[in-house]
Structures are given as C-alpha cells and as structure tokens.
Amino acid sequence: MKTLLVLFLVLAAPLSIAEKEGEKAVDKFRQLGHLLRDPNVYRTASGAPGHEYWQQNADYQIKAHLNEETRHVEASETIRYTNNSPDTLTFVWVQLDQNRFRQDSLENRSVTGRLAEDGVSDQLSFNEMRRHYSLADVDHGYTLHKVTDGEGQDLPHTVVDTMMRIDLPRPLQSGQTITLQIDWSFYILEHDAVGSRGGYEWFEETNTYLYNLAQWFPRMVAYTDYTSWQHKQFLGRGEFTLEFGDYEVELTVPADHIVAATGVLTNPREVLSAAQRSRLDDARTADKPVFVVTPDEALDNEKERDSGEKTWKFRAENVRDFAWASSRKFIWDAMGHNQENAEHQTVMAMSFYPNEAEPIWSQYSTEAVVHTMDVYSRFSFPYPYPTAQSVNTWERGGMEYPMITFNGYRPDPIDDKEREGMVDDAPDSTWSRRVKHGLIGVIIHEIGHIYFPMTVNSDEREWTWMDEGINSFLEYLAELEWEEDYHADYRSVLDRIGSYMRGPNQVPIMTQSDSIPQFFLNAYTKPTAALVVLRETVMGRELFDHAFKEYSRRWAFKRPTPEDLFRTMEDASGVDLDWFWRGWFYTTDHVDVDIAAVREYQVASRDPDIDFPAQKALDEAAKPEHIEQIRNREDGLVPRVDRVPGLEDFYNEHDKYTVTNKDRNDYQGYLESLEPWEQRLLERAVAAGEYIYFVDYLNIGGLITPLPLKLEFADGSTEERDVPAQIWRRNSEKITQLLILPKRLAGIEVDPHHQTADVDRSNNHFPRKLVPSRLQLFKRENEDRELMRDMLHKLKADEAEDDSAAVPLQ
C-alpha cells in the first residue's frame, strides 16, 4: 500500500497524445447519423412509421394440382396488386424462386469449389455430386404457360434468372390496382439431394412420399420506400421480402393425403371424416394434444393407396406468403392455445408428422408450438393468426412460412440385431439429448419466425440478421424458459461466440446476406449474443423489454429497416445506444478487457508522528532485508561499526523516518494553510481510513463494453458493481478507474457472470488466477452419446478372470 499525500491529483498528458486518444474514443461513441438513412415522412427519427408510411398489397387466388406419379405441380393464379406507393409504375416484378434450380441459374453458374482439410487439395463431396446429378436429371425451374392481365390479354414479360419483369399496358398510378394471371408448372425437387427449402422425401421401405411445397408459386417482388424494387436475385441465403395480402388456395392431391397449409381449412366436410372433424373440434378446448389423424389411420393410408383425388381449400388473411405439405403418411395432432386481448382468442396449435417421427413428435412438437407463442407474445404482441403448425418434413433443419413451419429431427430406430443385446421391453426407437433439444429448439425457432419476419416484415434479402438474429435471440430466451440447463453443453451464448468474434474471416453483421462468410455465426449467433448483452448488461431487462415490445408493435405488419430498430430502442428507453450498434453491428471488434494494474493508497494525514512510522512499515514490507545481510549474520560476520569503537554517530541512531521538530512545524504550517472546510475534509478522510484504488483497464478487443465488477475483500466478503460503458468515452483503449472503499481489496474480477462476451477470461482477474482445465493424452471420437439407448443394454455376465488382461487406461 502506498500513502497518497494529496486528495486529488491531475495528470496532464502531452496534448498530441491526449488528442489522439480522444479522437479514438470519440469515434467509438460517435452518433450513428452518418451511417443511417435520414428520417422522412415514411420513417421518423423516433423509429416509428411516418405519417405517410405506405406498403404495397398483393392478394392471390391459386389453384394447384399435385401429380404424385410424376412429382409435378401444375397451377394457376390470379394476383390483385395494389399500388399504395406515391410512384407511378410502368412495370412490375415477380419472384420465380424455383428458377434458382435451373442448370443455367445465376447460383449454379457461380458455384465455387472447396479445399480439403489440409487447405491444399481440391475436394468434391458425395453431396455435391448428388446435387449435380439431381439437377441434371430433371429440368427444374418454372415453365410459364400464361402471363396475362385480368382480361386475358398477354402481357410482355422478361425472365431474368429468379425474377420476371412484366411490362404493363398502361402506367399503374398511385392508388390503382391491376390484375395479373399466371399459369405455371414445375417438377418437385428432392430436397435432401439439392438442399432446397421445399420438395419431397421418399420413404424407400414403403415407397411413399412426403411433400412440402415452399416458394412454389410466382410472387410479387416487394416495392419499398428505401430500395424501390427488391429484385436482388435469389442465391439461396437472402431468403425473401414480400408483400402482405389475402389468399384463397385450392390444392388438389391424392385422396388419401392429409394436407397442412397456411391459413384455415374451409372445407373440412369434404376432406375429413366425421370422426376426424369431431376430434378437431375437441382439440380446440383440450389441455393436451389430441390426435385428429391417429398413427393407425396414417399407417392405413400408407397401405391402402386410394387412387382418387380430393381438393383441400384454405383461406389466409393478411399474410406475406403461402406454403403447404401433403402426404398419406401424416399423423395430425392439435390443441387450442388461449390468449387474451388478441384478435384470435384461440389459436389452433397443430403438428403433422409420419410414424417414423414417433414418439418424440407427439410428446414435444405441439407443446413446443404453444410454448413459443407463450414466450414470444410476452415479448412482442399476441400471436396474430388462427393457426400455428409444425410439420416434420425432413430429418434435420427447419423453415418458416406464415402459420406453417417445416421442421426436422426424428428418433433413431432400434434394429433387430441391436435389440438382441437389450432389455425385453426396449422401445422401437430412442433419441439423444441433442435430438430432443434439436427438435424443441427448431420448432421454437421456426414458429418464432411467424412473429419475425412473417409479421414484423423485415427484408431478409438485404439484412438476414433482422429476422434470423432477432428470432434466434427470442428462441434462446424461450429455450431457457423450457427447462433449466437447456444449454448445458455451452451454458451461455456469450461464451460460445467468443472464438468467432476473435477469429479470422469475419464481416460486420450489417453485411448484405449473400456476402457473409460463416453465415450462421454472423447472422444468427452474434446478433443473439449482442441482444443478450444489450438486455442483461447494457439496458437492463425492464428498459430493454419495454423498448423491444414497442418496436415489435410499431412494425407489426409493416416493413422495418435497421434504422427503425436502432431508433426505437433508444426512443422508448431513453438510453443512448449508438456506441453499441456501431461496435456490435458495424465492426468486427470483440470484447477483451484486461485488468492491467491495481494501485492501492490511503489518505495521508501529513502529521509526521503518524505518517512517518506508517511509511516506514510500508517500505519495509515492500523492500525486505536483503539476502546478503541475512546470510552475513547467519555466517557469524560482525559489522565493523560493532567491532571498532567510535564509528557509530547520529545516523546510526536515526534514519529518514525520524520525526524532527521542523517536520512538526511544517505540519502545523500545512494545517494553517488549509481552508476550514479542507481541514474538516482531511480529518474525516484520515479518520475513515478508507482504501483508495486506481485500476487500469486495457480494451484489447476494441469493442466498447460495460464493466460488471466483482470486488473481493481481504475479510472474505464480496461486492458487485456495474460500471457503464461510458467510462470509455474519453479514451477507448485504456482507462483508469478510481475506487474508494471502506475495506481492503484482495482482488478484482471483471465480468464474473460472463455477461459481456469477453473472449479471454485469463486477464479478467487481478491478481491473475490460474484457469483450470483438463489435458487429455488420448484421442477420442467426438460422438453424440445417446443415454436413452445406452440404458437399454443388458448388463453382461461376469467372465472368468484373465491374469494376462491389460490394465485399461483412460
């Protein structure tokens, strides 16, 4: 401990250094105005829609026929398109997403090769060859049979990869409506082969199919106030931005198929049995899922193979897309979800899945749908539609559309050979913890997308993070509310993101969707981590939750941009967040704070009879008796001054800590020089005996961050403090914090609860602490341990002892 001779000390750095440090700090805290679009009559400075906000409207009437023998769809649509913009349109654009799978598409012509793990050798995977042959064997993409106006007159049109421009016979003025008619057909993709969002799955053992049709019909391109036509070509990642409208859709499929689709089924008497209709009615008030189509009925459908057809009719209001799934394999369960102060007081939560998905799907799927609505509605707005559906259409992954989602994960069946070594009552299948949480997580994620972006209609072609990142954040919160230790493998997303944020090959979150390397980490995980930090560390839950709900409600059924989110979060909370958005979303900086040094002081009284002995004790503790003198004494050496009389003098009796009368006179003079209030302040500070600390922090990662602190005192007690990010506002690289404490410190830790995404925890303590870990000297395969399955194995009988057996090593 040092003695502080004055209460306040001001250090003046050379002007050039101070200015340089100040410029860096100012840049980190610079307001975002120069990076954001200016407010206008469409989007206000508060982040709310402006008084002249507008968006287009597109209503659809569609009739489609599924030919299962050829796996082909033929369809026609009538589009009623309303120009609500202030602009006059001489042409309109239509999206043709299936054209992405034409061999001559922009995506297929820009495929890049890959290197093997050695970073040198070229590599071609089986999956890449499978995709190549699948696209080569069938002419995929749309075949357009008719493009006309409402009167049946042909309209000039030009196909540009995944977009089509339709030239209008007369300009479409503001407020006017035009009718378009389009007939088209396409071959359905095998989605596992080509990696598509829609397609079919073939079950070889029963020769049955499961179809999920997504991005399957020509849809109007979004026309917006910020980018005009959003006709950036569909290359697979920047999924879509669309216009809201009403849909009436008729789907003709094999008679033994069950169909799940966006919207409400309007002709249940024509497609469901009386028993199924009764079960569906019962499900509306049930407190647990009810089978509408039972597992046995689904098995019967697979075996009987009805050769006829049925037409399923659906209506959906104010949605931005339409998707559907069809199969004779479907089991169907449902239950009603009640919500208050909502347009739809009861929402039908439903799941569709084959017997191969049982029993995990009937146990978890519909419950996960309901759980998602419980959590998301609390953070945003009541679920806005009459149905919410989860459909098992593949083994892994997920995809979202209004009111319907396509989700993966199935249990692992036990074959006859493995069953021989199991207990007699072993089930037909088991699943790992990863599969269980994968299923629950993907359903939460995809149902959550019905809120973002299916309702809060952001532009994913431009900003993937605005729906994937925000939705992944809410998914993370919903998973934590499903069960404790849901994320037991990695605990917090803030610990998980560190290796990415300090690694190479990064781009800012704000990068356009098709240009993002490490896509999932950039567009999903990093925004999730950012919003967790914003909620838990920067704003606090109360302010964040209020502001986020305000954003959600402002932009429900409208199209927000990043500016609208950033401005609303500040407008509704009163918290300046420009530094946060800049660092997390516009840079690739990361959080790495180093506690570089800690210096301890106490206030000096200036009384020499008190301070001199105290300083002597401090100096002796800091500089102990040197080893040579100690060993001389141990060796019996007697100093000359002790052996020869007359060598000792005044300085052998006194040292620099001896108090003289002059020292005492100087002290009195010092007291007399103080104002009365200064004397009282000095007396109080000396009597308090407080400890004063100067703590140096280095911002190694560059990202501005608050400093949650844990103070560890010498008496074993602890105290936590939150230091706001504004402590970096004058120097963003190095700061010195002043702490005045009633007790002596033993240590300081920054971010003790891992709430800032600090990537290096080894420098978060002062004094330094060893970070425990384990070193394995053997190689072990990284496998997903399926505990449920392992528990079913019989205990093998003891074998005769073998003296020659080796000792097992681990």
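Residues numbered from 1 in each chain as written. Predicted model: local features only at pLDDT ≥ 70, side-chain atom pairs only at ≥ 80, totals over all residues. Heavy atoms only, no water.

Undergrad: Sorry if this is basic, but what is going on with the overall build of the protein chain here?
TA: In terms of regular secondary structure, the protein chain is built from 23 helices and 35 strands. Against the 2.2 N^0.38 benchmark of 28 Å for 810 residues, the protein chain shows a C-alpha radius of gyration of 35 Å, more extended than a compact globule. In terms of overall dimensions, the protein chain has a C-alpha envelope of 125 × 90 × 60 Å along the principal axes. Looking at the protein chain as a whole, 49% of its 810 residues qualify as buried. The long-range fraction of contacts in the protein chain, counting pairs at least 24 apart against all pairs at least 6 apart in sequence, stands at 76%. When the accessible surface of the protein chain is split by element, carbon and sulfur atoms take 49% of a total near 40,600 Å². Here the protein chain contributes 88 positively and 140 negatively charged side chains, and the mean placements of these two sets differ by 3 Å. (Helix = DSSP H or I, 4+ residues; strand = E, 2+ residues; numbered from the N terminus. Rg over C-alpha atoms; globule rule 2.2 N^0.38 Å. Buried < 20%, exposed > 50% of the residue type's maximum accessible area, 1.4 Å probe, protein only. Contact = heavy atoms within 4.5 Å. Areas by Shrake-Rupley, 256 points an atom, 1.4 Å probe, with all protein chains shown as cover. Lys, Arg positive; Asp, Glu negative; His and termini not counted. Charge placed at Lys NZ, Arg CZ, Asp CG, Glu CD.)

Undergrad: Please clarify how unusual backbone geometry should be interpreted in this entry.
TA: Glycine aside, the phi torsion of most residues is negative, and most peptide linkages are trans. Residue P359 is bonded to the preceding E358 through a cis peptide linkage, with omega at 5°. By secondary structure assignment, the location of P359 is in the loop between strand 23 (346-353) and helix 7 (360-379). Between F766 and P767 the backbone carries a cis peptide bond, its omega angle lying at -5°. Within the chain, N207 stands out as a residue other than glycine whose phi angle is a positive 50°. Here N207 lies in the loop between strand 11 (199-203) and strand 12 (208-213).

Undergrad: When you look at the packing of aromatic side chains in this model, what are you seeing that I'm missing?
TA: What characterises a pair of aromatic rings is the spacing of the ring centres plus the angle enclosed by the ring planes. Taken as a whole and judged by the stated rule, the model has 49 aromatic pairs. On the basis of an interplanar angle of 90° and a centroid distance of 5.6 Å, the ring pair of Y601 and F694 is categorised as edge-to-face. Of this pair, Y601 sits in strand 29 (residues 593-603) while F694 is found in strand 30 (residues 691-699), placing the two residues 93 residues apart along the sequence. Here a set of aromatic residues connected by ring pairs shows up, and it is made of F244, Y376, F381, Y383, Y385, Y451, F452, F473, F544, F548, Y551 and F557. Over the face of the ring belonging to F234 we find R100, whose NZ or CZ atom lies 5.4 Å from the ring centre. (Phe/Tyr/Trp six-rings, centres within 6.5 Å; stacked < 30°, edge-to-face > 60°. Lys NZ or Arg CZ within 6 Å of the ring centre and 35° of its normal.)

Undergrad: What is the right way to look at the sheet that holds strand 17 (residues 258-261) in this model?
TA: Strands pair in a sheet through their backbones, by hydrogen bonds, and they do so in one of two ways: parallel or antiparallel. With antiparallel pairing, four strands are arranged side by side in an open sheet as 11-12-21-17. With one partner strand each, in any of the chains shown, strand 11 and strand 17 form the two edges of the open sheet. Averaged over neighbouring strand pairs, the angle between their axes works out to 10° when direction is ignored. Where strand 11 and strand 12 come together, five bridges link them in antiparallel fashion. Bridge assignment links W202 to a residue of strand 12, and that residue is Y209. (Pairing = 2+ DSSP bridges. Axes fitted to C-alpha atoms, helices over the stretch in contact; angles between N-to-C directions.)

Undergrad: Explain the packing of helix 17 (residues 608-622) against helix 21 (residues 661-673) here, please?
TA: Pairs of packed helices are described in terms of their axes, by the angle between the two and the distance that separates them. The interhelical angle for the contact between helix 17 and helix 21, taken along N-to-C directions, is 115°, at an axis separation of 10 Å. For the pair helix 17 and helix 21, the contacting residues are P608, D609 and F612 in the first and D663, R664 and Y667 in the second. Residues that form the contact of helix 17 with helix 21 fall into these classes: three nonpolar, no polar and three charged. (Nonpolar A, V, L, I, M, F, W, Y, C, P; charged D, E, K, R; others polar.)

Undergrad: What is the right way to read the pattern of salt bridges from this model?
TA: Two side chains bearing opposite charge may form a pair once their charged atoms approach each other closely. Summed over all chains, the structure comprises 40 salt bridges. A salt bridge links R130 to E190, with the nearest nitrogen and oxygen atoms 3.1 Å apart. Of this pair, R130 sits in helix 2 (residues 126-137) while E190 sits in the loop between strand 10 (177-187) and helix 3 (191-194), and the two are 60 residues apart along the sequence. Note that D696 is salt-bridged to R599, the shortest N-O span being 2.7 Å. Here D696 is found in strand 30, whereas its partner R599 is found in strand 29, with 97 residues between them in sequence. (Salt bridge = Lys/Arg side-chain N within 4 Å of Asp/Glu carboxyl O.)

Undergrad: What am I meant to see in the environment of D154 here?
TA: Secondary-structure assignment places D154 in the loop between strand 7 (143-149) and strand 8 (157-160). Separated by 92 residues in the primary sequence, D154 and I62 place their C-alpha atoms 19 Å from one another.

Undergrad: Would you take a moment to explain helix 14 (residues 541-554) for this structure?
TA: Think of an α-helix as turning once every 3.6 residues; residues three or four places apart then point the same way. Its 14 residues place the ends of helix 14 20 Å apart at the C-alpha level, agreeing with the 20 Å of an ideal helix rising 1.5 Å per residue. Residues of helix 14 that are buried in the fold lie against helix 7, helix 10 (465-482), helix 13 (519-539) and helix 15 (562-573). (Expected span 1.5 Å × (residues − 1).)

Undergrad: How should I be thinking about the packing of helix 9 (residues 433-448) against helix 10 in this particular structure?
TA: At a closest axis distance of 9 Å, the pairing of helix 9 and helix 10 adopts a crossing angle of 135°. Considered as vectors, helix 9 and helix 10 are oriented oblique to each other. The hand of the helix 9/helix 10 crossing is right-handed. Residue-level contacts link I440, G441, I444, H445 and G448 of helix 9 to E468, N471, S472, E475, A478, E479 and W482 of helix 10. (Parallel < 35°, antiparallel > 145°, perpendicular 65-115°, else oblique. Left-handed = near helix turned anticlockwise from the far one by under 90°.)

Undergrad: Explain the pairing of strand 25 (residues 398-401) to me, please; I cannot follow it from the model alone.
TA: Along a regular strand, successive side chains alternate from one face of the sheet to the other. Taken together, the four bridges between strand 25 and strand 26 (residues 404-407) define a ladder with antiparallel strand orientation. Each residue of the ladder has a partner; that of G398, found in strand 26, is N407.

Undergrad: Got a minute to help me understand helix 13 in this structure?
TA: Of all the bends in helix 13, the greatest, near 30°, is centred on T525, and the proline P527 appears no more than four residues after it. Extensive coverage of helix 13 is indicated by the burial of 17 of its 21 residues. Taken from the residues just after helix 13, G540 is the one with a positive phi, measuring 90°. (Bend = angle between axes of the 7 residues up to and from the residue.)

Undergrad: Explain a negative patch on the surface to me, please; I cannot follow it from the model alone.
TA: On the surface, D246, E248, E317 and E343 cluster together to form a negatively charged patch. Tracing the chain through its elements places E343 in the loop between strand 22 (331-338) and strand 23. Judged by its relative accessible area of 69%, E343 is exposed. (Patch = residues over 30% accessible without salt bridge, like charges linked within 9 Å, V, L, I, M, F, W, Y side chains within 5 Å.)

Undergrad: Is there a simple way to think about the side chain of T82 in this case?
TA: For T82, the location among the structural elements is in strand 3 (residues 72-82). Side chain to side chain, T82 and T177 meet in a polar contact 2.9 Å long. Beyond its immediate chain neighbours, meaning those up to four positions away, T82 contacts Q56, N57, Q176 and T177. (Polar contact = N/O pair within 3.5 Å; in protein donor to acceptor, adjacent residues only side chain to side chain.)

Undergrad: Any chance you could explain the sheet that holds strand 32 (residues 718-723) here in plain terms?
TA: As summarised here, the arrangement of the four strands in space is 32-31-34-35, forming an open sheet in which the pairing is antiparallel. If you trace the sheet from one side to the other, it starts and ends with strand 32 and strand 35 (765-766), each paired once. Bridge count between strand 31 (residues 707-713) and strand 34 (residues 745-750): five bridges; the pairing is antiparallel. Opposite F713, over in strand 34, you have L745 as the bridge partner.

Undergrad: Help me out: how do you make sense of the side chain of D149 in this one?
TA: In this structure, D149 sits in strand 7. Setting aside residues up to four positions removed in sequence, D149 forms contacts with L155, T179 and Q181.

Undergrad: Can you help me understand the environment of F234 in this one?
TA: Relative to the helices and strands, F234 resides in the loop between strand 15 (228-229) and strand 16 (245-254). Distance in space between the C-alpha atoms of F234 and K656 is 82 Å, their sequence separation being 422 residues. In this structure F234 touches D97, R100, T162, R197, Q215, E239 and R461, once residues within four positions along its chain are discounted.

Undergrad: Whenever I open this one, the confidence of the model for the protein chain confuses me. Can you help?
TA: The predicted coordinates ought not to be read in detail in places where the model reports low pLDDT. Across the protein chain, the average pLDDT comes to 90, with 92% of residues at or above 70. In the model, residues 3-15 has pLDDT below 50 throughout and makes 15 contacts with residues more than four positions away in sequence or in other chains. Across residues 798-810 the pLDDT falls below 50, and counting only partners more than four positions away or on other chains, this stretch makes one contact in the model. (pLDDT = per-residue confidence, 0-100.)

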